[in-house]
Amino acid sequence: MRIAMLGQYPLDEARILGGVEAVLVPLLGGLAHFDDLEVHVVTCQSGVENQLSTTGAGWPLHILKRRRLGRLTFHRRDVSSIQRTLQHLSPDVVHAHGMGLYAAAAACSGYPHVVTTHGIFFREAEFARGLAARLRGFIDSVYERYCLARVENLISISLYVEEELAHMGGFKGRIYRIENPVNDIIFAASRNEEEATILYVGRVIQRKGLLDLLRALVEVRKTVPQVRLQVAGETESDPLYFQSCRQFIAQQSLDGTVTFLGSLTMEQLVQEYERCTVLALPSKQETAPVVVAEAMAAGRPVVATRVCGVPYMVEDGVSGLLVDYGDTAQLAGALSHVLGNSHLRMQMGQRGRELAQARFRADVVAGQTRQVYLQLAEGRE
């Protein structure tokens, strides 16, 4: 059975930026264990010419040149380029990731298709700052609705996705619920915990709420003076917000407490999971954050905001603690509680890893995904 996998694939698998990239790599690795599958990965990339390469799992990787100003034309040239590749491959099933150009290419390809939606664009657009960002968010939201009206099969990574789809309306197809996979090397993380170390993994943008975490850190430091915060993620997406974070750090004399690590390789990220005491995610909007699944797989407790898809991943009081968004006192209290109780951390970390083993292992997710392929391919015959 030939599968065409469409999505934003990392050209350097050692340095994954998160999101769809962090999902595709372990999923393709898991699918490599099935002898009845032949997977071709198709991705559009800026600054390169069309070329054929190979993924880390050994699958053919078709790299297509991404055209400029694609968003303003609803990605017509990129969609056409992908569809020409699909005609050459003649797949049994097309699997697209993200409700954007890849979904449009799959839905209009004429082949049986399924789309995994990784984010809710119209919700994320609410956080856009500046005219250009708001325009991009508006266009992406309109395109999201365009794709949803044409997609026939959808993989939902969280019940939250289905709730939002019902709110939006327009989708009439079939839904399969399959959660995101976690890279196997995260599950192999050893325990090398450093005292009172909080880890934040994600871009430094307003939606992720790092500034709230910094405010909570001021309170945590009063009871846990040795506390440290490691920030793993790029800081270029929202320079004004990053500047606000830096100013707050300077005002509160947190320079020796907070470290910005930048974007990390997967190996470096595993080391941070090994060293940390707890993962903190103070976001206002998240669909099904991979970083929460990764922390659980590494056996680390999670303190996160009770928003969107997060409560479907973290068992409050069992594998982590959930707090209300924007309540920095509550966030500080939860972090202090976890940092000050080693027995609780062990219990939460163990329960999180048990849940991750059952739900997020790449072979588990790949097996569920293959079943969808079989159903769609049989329907074609």
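Residues numbered from 1 in each chain as written. Predicted model: local features only at pLDDT ≥ 70, side-chain atom pairs only at ≥ 80, totals over all residues. Heavy atoms only, no water.

1. Looking at unusual backbone geometry
- Although it is not a glycine, S90 sits at a positive phi angle of roughly 50 degrees.
- Along the polypeptide, S90 turns up in the loop between α2 (76-89) and β5 (93-97).
- We note that C308 has phi near 50 degrees; this positive angle belongs to a residue other than glycine.
- Turning to its location among the elements, C308 is positioned in the loop between β13 (302-305) and β14 (320-323).
- The exposure class assigned to C308 is partly exposed, which follows from its relative accessible area of 24%. (Helix = DSSP H or I, 4+ residues; strand = E, 2+ residues; numbered from the N terminus. Buried < 20%, exposed > 50% of the residue type's maximum accessible area, 1.4 Å probe, protein only.)

2. Some words on the pattern of salt bridges
- Going through the model one piece at a time under the given rule, you end up with 19 salt bridges.
- Measuring nitrogen to oxygen at the nearest pair gives 4.0 Å for the salt bridge that ties R275 to E194. Within this pair, whereas R275 is found in helix α10 (residues 266-275), its partner E194 is found in the loop between α7 (184-187) and β9 (197-201), the two being separated by 81 residues in sequence.
- Since its relative accessible area comes to 29%, R275 is described here as partly exposed.
- A salt bridge links R306 to D324, with the shortest nitrogen-to-oxygen separation between them at 2.6 Å. On the criterion of sequence distance, the pair formed by R306 in the loop between β13 and β14 and D324 in the loop between β14 and α12 (328-339) is long-range, its members being 18 residues apart.
- Residues participating in the shared-partner salt-bridge network are E194, R228, E272 and R275. (Salt bridge = Lys/Arg side-chain N within 4 Å of Asp/Glu carboxyl O.)

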